[in-house]
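# Coordinates in review
Below, each chain spelled out in residue letters.
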Amino acid sequence: LPLVFGNRKSSLRIFSSLMITFILLGFWHGAGWNYIIFGMLHGIYVSADTLIRNKFPNINNNSFLKTKIGKICAILGTQYLIVFAFIAFRVKDTELMLYYMQKFVLFDFQTSGFIQYVEFHLVEVSFLILFIILHTISYKINNLPQKISNLSPKYWFIFLAGIAILILSFYNGRPEQFIYFDFSGDRKSTRLN
């Protein structure tokens with residue numbers, strides 16, 4: 001339901017309550033500045049979305065946003081902002097975090113080390129490519145979720161076995177500690193050259 005902004009005071013109250021909520025959400029993830037910044041960024045996103053939708057209630061009826069290109073632009077824009085916020089979530093060193101954020105916004109087209117990065121993160125890159133392919137296919141095929149849910153158990157088994165084989169094939173034998181298990185705060189990253 002849309003919020004009703006009666007005056008500037010109520011807008012400020014809603015904005016501040018959203019910001020406090022998301023800052024606390026960031027603090028809940030960990031006691032570091034990176035988590036606070038992560039929460040603040042999401043608070044700004046949600047607050048801006050709320051304020052824009054209430055200032056311009058007919059934005060949902062915008063003809064461009066209803067087209068395929070408009071929907072794709074909205075999805076890509078949202079994904080860009082979320083990935084930007086996750087830089088703060090993942091990189092604990094504040095100076096390094098700001099460096100990565102700057103590189104994310106102002107891409108400098110330096111590609112040195114790109115091949116090594118892809119080789120080191122082969123599983124993640126493969127899943128990203130698979131994700132893009134599956135989304136492209138889902139736009140081409142109508143009622144794809146319904147068709148998938150109607151598959152027989154034999155095909156589900158083949159699908160799951162294929163996923164398991166892919167995971168085992170790409171597993172590099174270098175397990176990394178899951179981010180939520182790292183409470184020490186002493187993990188340092190290095191810049192990619």
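Just so we're clear, the structure is a prediction, and the values are computed from it rather than from any experiment. (Residues numbered from 1 in each chain as written. Predicted model: local features only at pLDDT ≥ 70, side-chain atom pairs only at ≥ 80, totals over all residues. Heavy atoms only, no water.)

### Some points on the packing of helix H2 (residues 33–55) against helix H5 (residues 94–105)
Where H2 contacts H5, the axes come no closer than 10 Å and their chain directions differ by 35 degrees. Regarding H2 and H5, the two cross each other, and that crossing is right-handed. Residues Trp33, Asn34, Ile37 and Leu41 of H2 form the contact with H5, whose own contacting residues are Thr94, Met97 and Met101. In terms of residue class, the contact of H2 with H5 is made up of five nonpolar, two polar and no charged. (Axes fitted to C-alpha atoms, helices over the stretch in contact; angles between N-to-C directions. Helix = DSSP H or I, 4+ residues; strand = E, 2+ residues; numbered from the N terminus. Left-handed = near helix turned anticlockwise from the far one by under 90°. Contact = heavy atoms within 4.5 Å. Nonpolar A, V, L, I, M, F, W, Y, C, P; charged D, E, K, R; others polar.)

### Some words on H2
Between the first and last C-alpha of H2 there are 32 Å, a value that for 23 residues agrees with the 33 Å anticipated at 1.5 Å per step. Burial in H2 covers these residues: Asn34, Tyr35, Ile36, Phe38, Gly39, Leu41, His42, Gly43, Ser47, Thr50 and Asn54. (Expected span 1.5 Å × (residues − 1). Buried < 20%, exposed > 50% of the residue type's maximum accessible area, 1.4 Å probe, protein only.)

### Section: the confidence of the model for the protein chain
Overall, the predicted model of the protein chain reaches an average pLDDT of 79, with 83% of residues at or above 70. Looking at the elements of the protein chain, mean pLDDT is at its lowest for helix H8 (residues 144–149), recorded as 77, and at its highest for helix H4 (residues 68–90), recorded as 88. Overall, residues 185–193 carries pLDDT values under 50, and its contacts beyond four positions in sequence, including any with other chains, amount to 16 contacts. (pLDDT = per-residue confidence, 0-100.)

### Observations concerning the packing of aromatic side chains
Ring pairs (aromatic) are described by centroid distance and by the angle formed between their planes. One pass over the structure, following the stated rule, counts eight aromatic pairs. Judged by centre distance (4.8 Å) and plane angle (55 degrees), the ring pair of Phe38 and Phe89 falls under tilted. In this pair, Phe38 is assigned in helix H2 and Phe89 in helix H4, connecting sequence segments 51 residues apart. The same class applies to Phe38 and to Phe89, which are both buried. Aromatic side chains Phe86 and Phe89 sit 5.5 Å apart centroid to centroid with 70 degrees between the ring planes, which places their arrangement in the edge-to-face category. Taken together, the positions of Phe86 and Phe89, both in helix H4 and three residues apart, correspond to about one turn of that helix. Here the aromatic residues Tyr35, Phe38, Phe86 and Phe89 are joined through ring pairs into a cluster of three or more. (Phe/Tyr/Trp six-rings, centres within 6.5 Å; stacked < 30°, edge-to-face > 60°.)

### As for a nonpolar patch on the surface
A cluster of nonpolar side chains, namely Phe127, Ile129, Leu130, Ile133, Leu134, Ile137, Ile141 and Ile167, defines an oily patch on the protein surface of about 640 Å² accessible area. At six residues, helix H7 (residues 122–140) tops the list of elements feeding residues into the nonpolar patch. Looking at the secondary structure, you find Ile133 in helix H7. In this structure Ile133 comes out as partly exposed when scored by relative accessible area, which is 42%. (Patch = residues over 30% accessible without salt bridge, like charges linked within 9 Å, V, L, I, M, F, W, Y side chains within 5 Å. Areas by Shrake-Rupley, 256 points an atom, 1.4 Å probe, with all protein chains shown as cover. Salt bridge = Lys/Arg side-chain N within 4 Å of Asp/Glu carboxyl O.)

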